[in-house]
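Architecture at a glance
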Amino acid sequence: MDSSEFEEELARERRGRLAAERMLEQKQKELREANKNLSDHALSLSDKIINQREVVTTLQGENSRVTEDLQKANTRIQETERILWAALENIPDGFALFSPDFRLITANRPYLTVFDDTAGVSIGDSYQSILDVCLDDGLIDLQGQDEDEWYDTMLDRWVGPMIAPITIRFWNGMYIKMIDRKTADGGIVSLAHNITDTILHEDELRLARDKAQAADRAKSAFLAKMSHELRTPMNGVVGMADLLLENAQDEESKLYTETIRNSGTALLEIINNILDFSKIEAEKLELRLAPFDLEQLVQEVSIMVGPSIRDKPITLQVDYDQFLPTEFHGDAGRLRQILVNLVGNAVKFTDEGSILIRIVGISDEASPNCELHITVEDSGIGIPEEMVDHVFGEFNQIEDEANRKYEGTGLGLAITRKLVEVMGGEIWVDSVPEHGSCFGFKLSLRRTSSGQLQKAALPDGISQALIWLDNSLDKSVMERQMALLGIEATFVMSAAEFGLTLERDPPSVVITSQRRKDTVEGLLSNATHQTPLLTFADSPGQISDISRPFTRAGLLDALIASTENTEANPPVRPVQVLAAEDNKTNQLVLTKMLVGANIDLHLVGDGVEAIEKFKELKPDLVFLDISMPRMDGMEAAQTIRKLEADGEHVPIVAMTAHAMAGDEERILSSGIDHYLTKPLKKPDLHRHVENVAYAISAAERPSAKPQETTRQDAVPL
Ligand code: ADP
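This structure is a prediction, so every number in the text was calculated from the model and none was measured.

1. Quick look at the overall build of the protein chain
Looking only at helices and strands, one finds 19 helices and 21 strands in the protein chain. Dimensions of the protein chain, computed from C-alpha atoms along their principal axes, come out at roughly 195 × 95 × 60 Å. Out of the 717 residues belonging to the protein chain, those deemed buried represent 41%. Within the protein chain, contacts between residues separated by at least 24 positions form 62% of all contacts whose residues are at least 6 apart in sequence. For the protein chain, the computed accessible surface area is about 39,700 Å², with 53% contributed by carbon and sulfur atoms. Across the protein chain, the 73 positively charged side chains and the 119 negatively charged ones have centroids separated by 2 Å.

Okay, here's the thing in structure tokens:
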């Protein structure tokens, strides 16, 4: 080998070695990387192992905690179950659980005790077989019910989704109320509740209540009877005192007689209160519903209390909501009684100041009813706050020194409250001691269309009135009254206006106040027409043709009187009056009160005699007492109406001690036309006689005015 070959060989070797070295280096690098990866992996693996070991430890901890909790829970459940069962075993009531196919799953002792003396009931028994045991062993007191019927009832009640409780009476008098409920899976939980004590207690209470009610009724009946009996002699006292007063010669005897009459009237009022109260208590009160004029009723009440305010510096005012209708359907008599009580109290407990009767209401066209608010406000002594509820109780009064000077029974407000409640209303009071009280009540009354109210009959020839007054309140009241009477009224405010209208448009009647009487008479005497003049009182109590406050009845009476010319129409003959009254004192009162009337009075002592006399006499007018021996007034009236058949209708006027609702209905349904309450009032008796006299003269004298204008039944009595 030459040297170049050698060198070449050497170079090749070197290259080969270098390549091998590079390769080695490369492989070593790769090996290092592989090693590194391996160690990284080993590291991460060991990390994971550590982690997992930790997880396992945690899980192991948790596992033992859960096991512990489970054990605790189990213990608690067992404990609770034990307590529950102990409780269920110890309650006096029976408890049982039935499966959806109505088999007894479990039951407490009290449930099973009932069956102790029987063939027994055990867990697994069907509900039907339990019912069989009940019947077969006579456990149930069926109280007349059929066995099969009872069995079916007990089975059927478990069928529906809701099971109504049922009470079962056992043979030993024990009462069990079965309260059953469906469970979620369709089974039944049954609770047998022992209600024997409650039932026995209820029985006792019922018995006690019946006894108390019977005693209460007896008390009310006794009170009603006694007060009725007391009234008759009292009527004699008051009636006679009234007559004596008319003839009293000197001031002293007048004073004595007045005292007798006033005390008698006060006593009668107390008796009436007791009678009313006992009747309401005995639930004998029925409302007598009829159309009436509320505004007129309020005016009448203020007239009634008028005399008692005359001696006190008090003004009494009525504020009737001018947009409110006046005609309603209701029990006017009872409403009057409520108002008289409230206004009477206001007068009694007010020494000076004012009393205001206010009537407001909501009248919705869409509804037939009207919501009325009626209040009686006074500026009197007031009621302490703690007594406000107390005053509505029976016999309750405010017992303090200041109060002792006032008379009364303490029944008025109790009656008033009951009456308001019977009418479906509500009563209340607001009061400030020393400043005054406001008693109010609300009622819902049905409106009547104006035509429904009995129209007052006017004598012919009165169609237009010329009225001179200077008070706008008087004007609004008078306007309404005239409209109700169907009279066209022209109002003037001055003499000049009066004179002008009188000539231009001659009226059929002229009305003015008492103090203008002379002026108007002067104006009338110069007029070309002759016009009747009526005056009205300037203040309550003043004597005038029309007294104050104005009422339709008062106006009507005055208008009728203004057209009556007694000289031109002398009475044709005495009115034949038949009167039946058993009480001698009352006979005397009646006779004396009718003195002065152009009548022939025929007095009899009972209904039987009245019928005999009626047949013989054919009277023009009959007065009948209601309670009489042998035949009472109502029966007599019925007999008279039968005797008359379709013949002439003789007016019959009943005289009754105290007409209550219901009584009144009965009285009028027996053919009686009117009734008067005792004590009788002379003007009432005379008015009835005069009306009949007028009818006679009208019938027997062809020129006289038509008869129907005198029918007094057109005027509410
Ligand atoms: P009486 O008036 O007969 O005593 P009431 O039942 O009518 O019975 O009234 C009961 C009590 O309520 C009265 O005694 C009085 O103390 C009180 N009372 C009633 N109305 C008023 C009033 N307007 N102002 C002050 N107190 C009144």
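After that view of the structure, there is still more to cover.
2. Considerations on the pairing of strand S16 (residues 533-536)
Here is the key point about a regular strand: its side chains alternate between the two faces of the sheet. On S16, burial covers both faces: Leu533 and Thr535 on one face and Leu534 and Phe536 on the other are all buried. Pairing of strand S15 (residues 509-513) with S16 involves four bridges; the strand directions are parallel. Note that in S16 the partner of threonine 512 across the bridge is threonine 535. Taken together, S15, helix H13 (residues 517-526) and S16 form a β-α-β motif whose crossover is right-handed.

3. With respect to a nonpolar patch on the surface
Taken together, the side chains of Phe222, Met226 and Leu230 make up a nonpolar region of the molecular surface, amounting to roughly 290 Å² of accessible area. Mapped onto the elements of the fold, methionine 226 is located in helix H5 (residues 196-246). A relative accessible area of 35% places methionine 226 in the partly exposed class.

4. Structural notes on unusual backbone geometry
In terms of backbone geometry, most residues other than glycine have negative phi values and most peptide bonds are trans. Proline 679 follows lysine 678 through a cis peptide bond whose omega is 5°. Following the sequence through the fold, proline 679 ends up in the loop between strand S21 (674-677) and helix H19 (682-700). In this structure, glutamine 143 takes a positive phi of about 50° despite not being glycine. With respect to the helices and strands, glutamine 143 occurs in the loop between helix H3 (127-136) and helix H4 (147-156).

5. Quick word on a negative patch on the surface
On the surface, a cluster of negative charge is made up of Asp132, Asp136, Asp137, Asp146, Glu147, Asp148, Glu149, Asp152 and Asp156. It is H4 that provides the largest number of residues to the negative patch, a total of five residues. Following the sequence through the fold, aspartate 137 ends up in the loop between H3 and H4.

6. A few points about the confidence of the model for the protein chain
In low-pLDDT regions, the fine details of the predicted coordinates are not to be read closely. Confidence in the prediction for the protein chain averages 83 pLDDT; 91% of positions are at 70 or higher. A low-confidence stretch, residues 450-456 stays under pLDDT 50, and its non-local contacts, those more than four residues away or across chains, total 17 contacts. Every residue in residues 703-717 is under pLDDT 50, and counting partners more than four places away or in other chains gives 36 contacts.

7. With respect to the site of the ligand
Taken together, 21 residues form the shell around the ligand, and within it Asn345, Lys348, Asp378, Gln397 and Leu413 come nearest. Between the ligand and aspartate 378, the relevant distance is 2.8 Å, taken from a nitrogen atom to a side-chain nitrogen or oxygen of the residue. Separating an oxygen atom of the ligand from a backbone N or O atom of glycine 412 is a distance of 3.3 Å. Isolated, the ligand exposes 530 Å² of accessible area, and the fraction of that covered by the protein chains is 97%. Residue assignment for the shell around the ligand shows that the elements contributing at least two residues are helix H8 (332-348), helix H10 (412-422) and strand S12 (436-447). A per-element tally of the shell around the ligand places H8 first, with three residues. In the shell around the ligand, the residues fall into nine nonpolar, 10 polar and two charged.

8. A look at the sheet that holds strand S17 (residues 575-580)
Judged by pairing direction, the sheet is parallel, and its five strands sit side by side in the order S18-S17-S19-S20-S21 without closing on themselves. Single-partner strands in this sheet number two, and they are strand S18 (599-604) and S21. Ignoring strand direction, the axes of neighbouring strands in this sheet form an average angle of 20°. Packing of helix H15 (residues 584-593) onto the sheet brings it into contact with S17, S18 and strand S20 (652-656), and relative to S18 it is tilted by some 175°.

9. Section: the nonpolar core
Within the largest apolar cluster, 48 residues are counted, with the highest numbers of intra-cluster contacts made by Leu294, Leu335, Leu339, Ile359 and Phe441. In terms of residue count, the dominant contributor to this core is H8 (eight residues). In this structure leucine 335 touches Phe292, Leu294, Leu297, Met423, Phe441, Leu443 and Leu445, once residues within four positions along its chain are discounted. If you look at the next biggest cluster of nonpolar residues, it comprises 31 residues, including Phe115, Ile140, Tyr151 and Ala192.

10. A word on the side chain of threonine 326
Structurally, threonine 326 can be placed in the loop between strand S7 (314-320) and strand S8 (327-330). When its relative accessible area of 9% is taken as the criterion, threonine 326 is described as buried. Other than its neighbours up to four places away in sequence, threonine 326 contacts Phe292, Asp293, Leu294, Glu295, Tyr320 and Arg480.

11. Digging into the sheet that holds strand S13 (residues 464-468)
Strand order in this open sheet of four strands is S14-S13-S15-S16, and the pairing throughout is parallel. Looking at which strands have only one partner, the edges of the open sheet turn out to be strand S14 (488-492) and S16. Geometrically, the sheet is characterised by an average inter-axis angle of 25° between neighbouring strands, direction not taken into account.

Reading the values: rules and limits
Residues numbered from 1 in each chain as written. Predicted model: local features only at pLDDT ≥ 70, side-chain atom pairs only at ≥ 80, totals over all residues. Heavy atoms only, no water. Helix = DSSP H or I, 4+ residues; strand = E, 2+ residues; numbered from the N terminus. Buried < 20%, exposed > 50% of the residue type's maximum accessible area, 1.4 Å probe, protein only. Contact = heavy atoms within 4.5 Å. Areas by Shrake-Rupley, 256 points an atom, 1.4 Å probe, with all protein chains shown as cover. Lys, Arg positive; Asp, Glu negative; His and termini not counted. Charge placed at Lys NZ, Arg CZ, Asp CG, Glu CD. Pairing = 2+ DSSP bridges. Right-handed = clockwise from strand over helix to strand, strands pointing away. Patch = residues over 30% accessible without salt bridge, like charges linked within 9 Å, V, L, I, M, F, W, Y side chains within 5 Å. Salt bridge = Lys/Arg side-chain N within 4 Å of Asp/Glu carboxyl O. pLDDT = per-residue confidence, 0-100. Near = heavy atom within 4 Å. Polar contact = N/O pair within 3.5 Å; in protein donor to acceptor, adjacent residues only side chain to side chain. Nonpolar A, V, L, I, M, F, W, Y, C, P; charged D, E, K, R; others polar. Axes fitted to C-alpha atoms, helices over the stretch in contact; angles between N-to-C directions. Core = buried A, V, L, I, M, F, W, Y, C linked by side-chain atoms within 4.5 Å.

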